[in-house]
Amino acid sequence: LILLDSLLQECFQSTQALNMPASRGEPPPPSLPQAPARSSWLGFLPVSALEDNVRNMNIEAEEAYEVDEDDSEPVDSFCKLPLAFSCPRHLQPVQGVEMIMQTWRMRERMKTVSVALVICQNVGVDPPDVTKTQPCARQECWVDPLSLNPQRALETIGGNLQRQYERWQPRARYRQSLDPTVEEVRRLATGLRRSARDERVLFHYNGHGVPRPTANGEIWVFNRSYTQYIPLSIYDLQSWMGSPSIYVYDCNNAGIIVDSFRNFAEQHEREYVEQIRAGGPQAGGTELPPPPSLRNCIQLAACSKDQLLPMNPDLPADLFTACLTTPIKVALRWFVMKNDLGQLAPKVKLEQLEKIPGQFGDRRTMLGELNWIFTAITDTIAWNTLPRDTFQKLFRQDLLVASLFRNFLLAERIMKSNDCTPVSQPKLPGTHQHPMWEAWDLAVDICLSQLKNILEEDKTYLPSSFFEEQLTAFEVWLSHGCEERSPPEQLPIVLQVLLSQAHRLRALDLLGKFLDLGPWAVNLALSVGIFPYVLKLLQSSARELRPLLVFIWAKILAVDSSCQQDLVRDQSHKYFLTVLQDPAMLPQVKTWAVFVLSSVVQGYKQGQDEAVAGNLISICLNEMDEADPVFKQWLAICLGTLWDKHEEARGRATRCNAPESLETLLLDQTPEVRAAAVYALGTFINSCSERTEHANTLDQNIATRLLQKMLEDGSTLVRKELVVTMQYVVNSFPNNFMNLMRAIADEDDGTSLLSSSSASTLGRVSSEDKLSRQVLQQRRSVVGIPQSMTGSVTELNRMGDLGILTTPKRGRKSVIGLAGVGTQHHVASLASLASMACYGPGVTAKFKPFYLKVVGGLMVLERDPDKEVGTMARQVLDTIYNKMVAAERERKGSGVFRSLSQAELHSVSAPGSPAKASFMLGESPPGHNTTLPASFRQGLAGSVGGQHSLTLPSDLASKPAQAWLGRSTVSDISEDGGQETGVKTNFLAWSAKHFSSRLMNLGEDMVDLESEEYWARQWLYDRNEKVKRRAAAERKSVEEGSGRLDDQLGVVKIPQPPSVLAYEPYTSSLAVATRDSILLVGNKPGPSPQVTTSWGNGNSRVSQITSLQFCNSHERGLLVAGSDDGCVRVWRGWDESRHLVTGWTLLPEMVPQSLAGSRVSYGLQLAWSQPDQLLVGAGDAKNIRLWDCSAEVRLCDLPIQSDSCVTCLHMDKGVLAASFGDGQIKLFDYRAPPASARIMAFREHKQLVLSLKMQEGGKIVSGCTEGVVKVWDIRRQSSLTTLETNQPAVSLDIHQSAPVFAAWTSTQQISFHSLYEGKVLNQIRYHEGLLGNRLGPVNCLKFHPSLIQLAAASTDSHVSMFGYRRY
């Protein structure tokens, strides 16, 4: 073996040396180190196996060598590429699962507390209207009345019937009435109703010794001397029994009673209504009793209205009663009789059935197991047949009613076989032919086949395989089950199996798999009655049941959180505390347990108290080191829900240093974990009811660190939680923030807020307007802006139209000379808002840095790329402002109309600096101030612009000023512990949705080769391969010089001048960006490309789109749009379902080009790496930022060490190339530490670089505004080739893989050049056609990443597309 091991190592080394060619310019790889003499796994292989391994290894090496020689990329290379922005937080709305409203819980659980047994036998005397056969059925309650004297027989029958009922309801009050009179029945019924109060009373009527019921709705009793039959009206019986009640009629033509009962009940209701209309009860003066409700009265009748009872002498005379009270005995007897005295169960006689061993309550015996099987089967039949609400009412509301209706199903089957049809109210569908009855017959047959050996040879009873077989059937259903299919018939049987210790483990496992199918499965399981069983099982100490029970409870609480009260009431929450502390449990099981505990404490004070007493805080903190992200997420959520508005829990957490432990999660790579940590820290701040110096310091430190670490987080989940946390901070220090907001308002308006001579507005100045004003104020001294201008964005835009504040256009030669970086250049960036640097000392010098950071952070979040985040932050800021204004008005003590001058009224109606516009692209802005009440705006309409006096609206005349002045479009933030009206998120509900989805995914990582998704993906991969082959053919044609780029594919007119272009890599779809909108140009059905869709990017009013990138283009691509304010937005879908996937601020220090002044800026430039899921952004900033899109966090910042802006970015295989406005090109290895990441700098270009591409073989191609294109080798300091166009280039682009480039020069034409010799392959001056117009001034050129196609965007709002044409 040792020799073979050495031989194997030599073969492996030789194979590696053969199949690992050295990289160009690198020494050959050293030989591999020698393996130890004996590998750990060789000793377990026979010699033949080693020889096979050596042979197979050589074959695999040869195959690998052949593959390496083939340059083509296999199709499966695409499936290995990771997909960015494809997590649940990106693919689904952040909403919780729709919680069921306790439809499975009985709103009123009832109990039958009294039973009236009315037996009219008159033993020895048959009723005159029925002629009985001879022989005839005689047994009553399994007693032959003729074998005893009449009185003794009657008492025996009554006693047996009571004992039969007591088996189903032993605690009820039983009263017998044997051969009664009408008066005795009245006293019995009224007495039981009086004692039962609102509970149910059962009335059992045996009328075998009296005539049939009459058509008028009367049953028969006796007179005192038993010489006459006396009628008893059902109408009177209803009055005595009241409701709720249950009636059992065992007599001939019993269906007549059911019909009469309904008619009399309706008559009672009509009379009740008439008495109410008449003013109360008639003579008597007692209160009017409620009418008997038919809905609360249940009736069971032995036969229909035209049928007689069976008279088979082998069956009891009270067959219906026997089925209801002794079902097993009747079922076995009927089974043996039906099968000709034992052909299915050989040698079993009727008398042997009386000797079946066991007790009904002992499931280990034959009798007990038969009773158990019968219960499971009848429950299953009812659950699969009845409507859900009927099943709940009849089978889950009352123990005795449930038993009677289970047995009623058997009665229907047996009575039907004897030409009788039992009747019930409510009416049940027919179940006598249900397939589960065949399973019952089989189980009975198997059990009875053992009876002879048990009785004669004393053999041990072998348990039935019924439950095992039903569990197997349930498992088969699970393998193909879904919501669209009918529910599994065996679900009630699974509930019964939970009672058996032998099958409990398997039943719990299958139940868990069923609940894992979705909320609909949980709802079904709860409706069948699973809840009390799994609640009782939490008292079990079996460790093997813990994972299954915890999983089941996680599923239940994910759908119905109201179960928290049941867990706390039974102290069952301690079970999950034990699981959480069990070191043998897997992290996934602990995750389920901590979710259950978080559900127990969420919004439930008693649950929080119990959890604090159980040291849940310490337990969660001790588990923080686990690596599982979902576990850490729910640990943080559990802590946050535990101490939310719970002062004692907050104190315990402070002593345990819980905030410090949670702050370590703020740097986690999973956004959900970070969001959970922010949520927990926010509720920690919100849980302080009494403010102390220590609490203030602690909360302020937490808030400060949150802003430092999370303000620039890439996940919208995190930023939303940050806004909510800042809201809690504002609630904790309301006066301080109101004072700060007053100082900000004073500076924004230039004077005091409420000065009578001021021109203040009633609306808060938005953060966007603040930045615009700040830049405008700094430019006044340069451009001479009139001091009377207010500096609003509207005026700023107007000044731009007049040329006063014109920003140089990209690519113009006249703006190549760059201005130095001014000291106030970044005053209009988001970073200036965060630090409040855009405000003067009147704000920054008067308040602590903490308050400035909180308001600054909210202002940054107000301009968030995600609309929801921005809206939430705006609500918080507006609420502070409105409260400040209302408090100031109240402090002044005068009405608002008395303090407003005419100038102020004009200012109110037409503010100089309006709040941020709420209208979207293409809509007209509102023409009035929407923050004022509509009635007040109407009152101002006639006075603005004139000297008319103000008329006070009628609806405001009697209200104080602050009642309407403080109005806002958002709700105020609650400052007390009452109902919260501030901003909220759905993060908790959405996180809990994880547990209502499929969690048991073992074996589902296998790809379904027949699924629609698989074939759709394969089609995309095949499309990509075809595009690559076509691109290779076009590149070959270019190298041979056998083609031209002059095939005009189409010209598209768009509403605004385009500024940025981007081709989707594997299609011909072209994304076109204007200032604030995106259009997609594609091939609709027609001769030429057209605009297929367009949408607004959601930019701020002062920013514009400057970069577009496609990601996930090998499948269903996403479009990444970068704007010059440093924001990035990711869009999904190009049809009507398109939506914003995510958005974040990549470079907050970026200044929009419209506010950059004389400084040249190319805005935000982006580069994308699909294998690494990295997004690189740079612009007029000090660093190049690398963004990890999988974790949605900043990876690192690479210092550019240049005063110029970045104009182009490109990355490939760990190397990043960046070009600058001064002509420099720098290379970075972003895998190295940032300080040493720069590896090369090229300085041969003297002007701004317009295009930069990294091509295969380590080449870089760049072109600048001088019309000079250079080819570089990353291993050499100087360029390899320099190509001259001999004309200044306004726009230029280089193909990513083909040796060509295109340029728009001062000769007003597009020239197409080769990189080999720089020769012009062709030129384009005109559009195609006889009267083709000349191309407009082109401001952007863009090549297709793969194909040789070119798109040109001109300033006359046309986009032209050209394709490659081979000769």
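Residues numbered from 1 in each chain as written. Predicted model: local features only at pLDDT ≥ 70, side-chain atom pairs only at ≥ 80, totals over all residues. Heavy atoms only, no water.

Colleague: What am I meant to see in the overall build of the protein here?
Modeller: When its secondary structure is counted, the protein shows 44 helices and 36 strands. The burial tally for the protein puts 55% of its 1367 residues in the buried class. For the protein, restricting intrachain contacts to residue pairs at least 6 apart in sequence, the fraction spanning at least 24 positions comes to 67%. Of the roughly 59,900 Å² of accessible surface on the protein, 50% is carried by carbon and sulfur atoms. (Helix = DSSP H or I, 4+ residues; strand = E, 2+ residues; numbered from the N terminus. Buried < 20%, exposed > 50% of the residue type's maximum accessible area, 1.4 Å probe, protein only. Contact = heavy atoms within 4.5 Å. Areas by Shrake-Rupley, 256 points an atom, 1.4 Å probe, with all protein chains shown as cover.)

Colleague: Just checking my understanding: could you explain the nonpolar core for this structure?
Modeller: Nonpolar side chains tend to gather and get buried jointly when the protein is soluble and globular. Core analysis: the largest hydrophobic core is formed by 263 residues, its most contacted members being W440, L448, F514, W553, F576, W643 and F737. Setting aside anything within four residues of it in sequence, one finds W440 in contact with I328, A331, L370, I373, F374, I377 and R413. (Core = buried A, V, L, I, M, F, W, Y, C linked by side-chain atoms within 4.5 Å.)

Colleague: How should I be thinking about the packing of helix α23 (residues 587-601) against helix α26 (residues 629-642) in this particular structure?
Modeller: Relative orientation and spacing of two packed helices are given, respectively, by the angle between their axes and the distance between those axes. At a closest axis distance of 9 Å, the pairing of α23 and α26 adopts a crossing angle of 20°. Relative to α26, the element α23 is oriented roughly parallel. Crossing angle aside, the handedness with which α23 passes α26 is left-handed. Where α23 abuts α26, its residues P587, K590, T591, V594, F595, L597, S598 and V601 lie against V630, F631, W634, L635, C638, T641 and L642. Classifying every residue of the contact of α23 with α26 by side-chain character gives 11 nonpolar, three polar and one charged. (Axes fitted to C-alpha atoms, helices over the stretch in contact; angles between N-to-C directions. Parallel < 35°, antiparallel > 145°, perpendicular 65-115°, else oblique. Left-handed = near helix turned anticlockwise from the far one by under 90°. Nonpolar A, V, L, I, M, F, W, Y, C, P; charged D, E, K, R; others polar.)

Colleague: I'm lost on the pattern of salt bridges in this one. Help?
Modeller: Pairing is possible between side chains of opposite charge, provided their charged atoms come close. For the structure on display, the rule yields 51 salt bridges. D516 is the salt-bridge partner of K555, the closest N and O atoms lying 2.8 Å from each other. Of this pair, K555 sits in helix α20 (residues 546-559) while D516 sits in the loop between α17 (504-515) and α18 (519-528), placing them 39 residues apart in sequence. Residue K555 shares its accessibility class with D516, and that shared class is buried. Salt-bridge contacts for E623 lead to K590; the nearest nitrogen and oxygen are separated by 3.4 Å. You can see E623 sitting in the loop between α25 (616-622) and α26 and its partner K590 sitting in helix α23, a full 33 residues away along the chain. Exposure remark for E623: the relative accessible area of 12% places this residue in the buried category. Here the salt bridges do not stand alone but share partners, grouping E712, R1185, R1194 and D1197 into one network. (Salt bridge = Lys/Arg side-chain N within 4 Å of Asp/Glu carboxyl O.)

Colleague: Explain the environment of P327 here, please?
Modeller: Here P327 shows up in helix α9 (residues 327-338). C-alpha separation for the pair P327 and A411, spaced 84 residues apart in sequence, amounts to 8.2 Å.

Colleague: For this particular structure, what's the right way to read the sheet that holds strand β26 (residues 1249-1255)?
Modeller: Strand pairing in a sheet is mediated by backbone hydrogen bonds. Such pairs are either parallel or antiparallel. Overall, antiparallel pairing links the four strands, which are arranged β26-β27-β28-β29 in an open sheet. One side of each edge strand has no neighbouring strand; the edge strands of this open sheet are β26 and β29 (1279-1284). On average, each strand axis in the sheet is tilted by 15° relative to the strand beside it, whichever way the strands run. Taken together, the five bridges between strand β27 (residues 1259-1264) and strand β28 (residues 1268-1273) define a ladder with antiparallel strand orientation. Residue pairing for β28: G1263 is matched across the bridge by V1269. (Pairing = 2+ DSSP bridges.)

Colleague: Where do I start with the sheet that holds strand β17 (residues 1139-1145) in this structure?
Modeller: If you walk across this open sheet you meet the four strands as β14-β15-β16-β17, and the pairing is antiparallel. Where the open sheet ends on each side, the last strands, each with one partner, are β14 (1105-1111) and β17. Geometrically, the sheet is characterised by an average inter-axis angle of 20° between neighbouring strands, direction not taken into account. Here six bridges tie strand β16 (residues 1127-1132) to β17, and the two strands are oriented antiparallel to one another. Across the sheet, residue R1132 finds its bridge partner in β17, namely H1139.

Colleague: Please clarify how the packing of aromatic side chains should be interpreted in this entry.
Modeller: How two aromatic rings sit relative to each other is given by the distance of their centres and the angle of their planes. Under the criterion given, the structure shown has 34 aromatic pairs. Here W634 and F995 contribute two aromatic rings whose centre-to-centre distance is 5.3 Å and whose plane-to-plane angle is 70°, an arrangement assigned as edge-to-face. Note that W634 is positioned in helix α26 and F995 in the loop between α43 (987-992) and α44 (1012-1040), a separation of 361 residues in sequence. Pair check on accessibility: W634 and F995 agree, each one buried. These aromatic residues form a ring-pair network of at least three members: F320, F391, F395, F405 and F408. A cation sits over an aromatic face here: R167 above F360, 3.7 Å from the ring centre. (Phe/Tyr/Trp six-rings, centres within 6.5 Å; stacked < 30°, edge-to-face > 60°. Lys NZ or Arg CZ within 6 Å of the ring centre and 35° of its normal.)

Colleague: Any chance you could explain the pairing of strand β30 (residues 1289-1294) here in plain terms?
Modeller: The two faces of the sheet receive side chains in turn, since in a regular strand these alternate between them. Here β30 lies mainly inside the structure; five of its six residues are buried. The pairing of β30 with strand β31 (residues 1300-1305) spans five bridges and is antiparallel. In the strand pairing of β31, L1292 is matched with A1303.

Colleague: Explain unusual backbone geometry to me, please; I cannot follow it from the model alone.
Modeller: Cis geometry is found at the peptide bond from Q134 to P135, where omega equals 0°. Positionally, P135 belongs in the loop between β1 (112-119) and α4 (150-166). Here S243 and P244 are connected by a cis peptide whose omega angle stands at 5°. You will see that C141, though not glycine, has its phi angle at about 55°, which is positive. Position of C141 relative to the elements: it lies in the loop between β1 and α4.

Colleague: So what exactly am I meant to see when it comes to helix α11 (residues 388-395) here?
Modeller: Counting along an α-helix, one turn takes 3.6 residues, and residues three or four places apart therefore face a common direction. Where α11 is concerned, the buried positions are T390, F391, Q392, L394 and F395. The secondary structure elements touched by the buried residues of α11 are β7 (297-301), α10 (366-385), α12 (399-417) and α18.

Colleague: Explain the confidence of the model for the protein to me, please; I cannot follow it from the model alone.
Modeller: Low-pLDDT stretches of the model should not have their predicted coordinates read in fine detail. Averaged over every residue, the pLDDT of the protein is 81; the share at 70 or more is 79%. Note on residues 10-73: pLDDT under 50 across the span, and 43 contacts to partners over four residues away in sequence or across chains. Predicted confidence is poor over residues 778-825, with pLDDT under 50, and the contacts of this stretch with residues over four places away or in other chains come to 78 contacts. (pLDDT = per-residue confidence, 0-100.)

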